[in-house]
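A look at the structure
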Amino acid sequence: MTDKNRQWLLNERPQGPINDNTFRLETAAMPALPNGGVVLKTLYLSFDPAMRGWMDDVPSYLPPVPLNEPMRASAVAQVIESDNTDLPKGTLVMGMLSWQEYCACDAATCATLNALPAGTPPAMALSSFGITGITAYFGFLDVGQPKAGETVLVSGAAGATGSVVCQIAKLKGCRVIGIAGSDEKCSWLTDTCGVDATINYRTEDLTKRIGELAPDGVDIFFDNVGADTLEAGLWNMADFGRIVLCGSIASYNDAEPRPGPRNMFIMIKRRIRMQGFVLLDYLDRIDEAQAEIGEWVMSGKIHSREDIQEGFENIPATLNRLFDGKNIGKQLLRLADPE
């Protein structure tokens, strides 16, 4: 076993986009085994737009990542040392870990980790079976409250969460319009995910095109982008429509908050409900979501796509792929395979 542990630490809080000074690479000693705890080897890291907000020193649903500490991230890891009977050596676990090759978890932290069911691929555990799929499940079904025959608009539709939302919407009998940033992403949405229509926001007039594809209005808008995309969706909402606010990736890197949508008055005229949510609101129902998503995935009703990068040195660049729009599906990075 190695005696070194590479880490990417939060070096400074970014003012605007992440840059070369945001993180720094350091090597620490291997962590010691805590009483009642485990030592984990990180196998796969998940990259999510919300991570950008965790770097800011502002109140939120999670505390900010401390400066000079490893960056927080969802991950799959393997137990390599154990003093915990629930997590013997060799167990694969998923949970909120960090950007380091090895980490020690005390007994309290072990209780927050989820052992992967036998045979579950680590990449799938972080995509359709993990936070991504669960976020799509509760955001669309609980907050959106879909009805068969309704028109659903999804921004960031080729992303990890958006693509699952599109497919759940189809399973529930809805007509789905997906917004994405390239012709390749749009083709994947129609050919693989069964989306009825797509819009390439880089080459098409978003507001106009939504109106053409949804002449009777959008009943549910699942928004992962915010900013101008949210404004375009608002113009085209149906009476009593619902807007599910899952993310706002368009503005996460803004040094100063940009002005909000200029057309909020439409919410009054059309009696629209807009609601944000975070997955922490549904922790007591995770098993419910995983069971149903698992059935859909195993029966081929939901398809997932993982964009898997390689190499510890490429971790910060992999996070930036989200904000450059380079990923299709779930953005992951592989550090090692299970032993």
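Cut-offs applied
- Residues numbered from 1 in each chain as written.
- Predicted model: local features only at pLDDT ≥ 70, side-chain atom pairs only at ≥ 80, totals over all residues.
- Heavy atoms only, no water.
- Helix = DSSP H or I, 4+ residues; strand = E, 2+ residues; numbered from the N terminus.
- Rg over C-alpha atoms; globule rule 2.2 N^0.38 Å.
- Buried < 20%, exposed > 50% of the residue type's maximum accessible area, 1.4 Å probe, protein only.
- Contact = heavy atoms within 4.5 Å.
- Areas by Shrake-Rupley, 256 points an atom, 1.4 Å probe, with all protein chains shown as cover.
- Axes fitted to C-alpha atoms, helices over the stretch in contact; angles between N-to-C directions.
- Parallel < 35°, antiparallel > 145°, perpendicular 65-115°, else oblique.
- Nonpolar A, V, L, I, M, F, W, Y, C, P; charged D, E, K, R; others polar.
- Patch = residues over 30% accessible without salt bridge, like charges linked within 9 Å, V, L, I, M, F, W, Y side chains within 5 Å.
- Salt bridge = Lys/Arg side-chain N within 4 Å of Asp/Glu carboxyl O.
- Arc of directions from axis to C-beta.

A word on the overall build of the protein chain. Summing up its helical and strand segments, the protein chain has eleven helices and 15 strands in all. For the protein chain, the C-alpha radius of gyration of 20 Å lies close to 20 Å, the compact-globule estimate for 339 residues. By its C-alpha atoms, the protein chain is 60 × 45 × 35 Å across when sized along the principal axes. Expressed as a percentage of the 339 residues in the protein chain, the buried residues total 53%. Restricting to contacts in the protein chain with at least 6 residues of sequence separation, those with at least 24 account for 68%. Here the protein chain displays about 14900 Å² of accessible surface, and carbon together with sulfur accounts for 50% of that area.

To continue, consider the environment of Gly53. With respect to the helices and strands, the residue Gly53 is situated in helix H1 (residues 50-54). Judged by its relative accessible area of 33%, Gly53 is partly exposed. Along the primary structure Gly53 and Ile249 are separated by 196 residues, whereas in three dimensions their C-alpha atoms are 9.9 Å apart.

Two numbers describe how helix H4 (residues 131-144) lies on helix H10 (residues 286-298): the axes approach to 10 Å, and their chain directions differ by 105 degrees. For the element pair H4 / H10, the angle class is roughly perpendicular. Packed against H4, whose contacting residues are Gly133, Ile134, Tyr137 and Phe138, the element H10 presents Ile286, Glu288, Ala289, Gln290, Glu292, Ile293 and Trp296 at the interface. The residue inventory of the contact of H4 with H10, partitioned by class, reads seven nonpolar, two polar and two charged.

Considering the arrangement of structural elements, one finds Thr229 in helix H8 (residues 227-235). Excluding its chain neighbours within four sequence positions, the residues that come into contact with Thr229 are Ser155, Ile179, Leu206, Phe221 and Asp223.

To continue, consider a nonpolar patch on the surface. On the surface, Tyr61, Leu280 and Leu283 cluster together into a nonpolar patch covering about 280 Å² of accessible area. In this fold, Leu283 is placed in the loop between strand E13 (273-276) and H10.

A full pass over the atoms with the stated rule returns 18 salt bridges. The residue Arg321 makes a salt bridge to Asp307 at a minimum N-O spacing of 2.7 Å. On the criterion of sequence distance, the pair formed by Arg321 in helix H11 (residues 315-324) and Asp307 in strand E14 (residues 306-310) is long-range, its members being 14 residues apart. The class for Asp307 is buried, based on a relative accessible area of 12%.

Let us look at helix H6 (residues 183-191). Because the α-helix completes a turn every 3.6 residues, residues three or four places apart line up on one side. Burial in H6 covers these residues: Lys185, Cys186, Trp188 and Leu189. The buried side chains of H6 occupy one side of the element, clustering within an arc of 160 degrees when seen end-on. In H6, the exposed positions that point more than 90 degrees away from the buried face belong to Asp183 and Asp191. Where H6 is buried, its residues meet helix H5 (160-171), strand E9 (175-180) and strand E10 (197-200).

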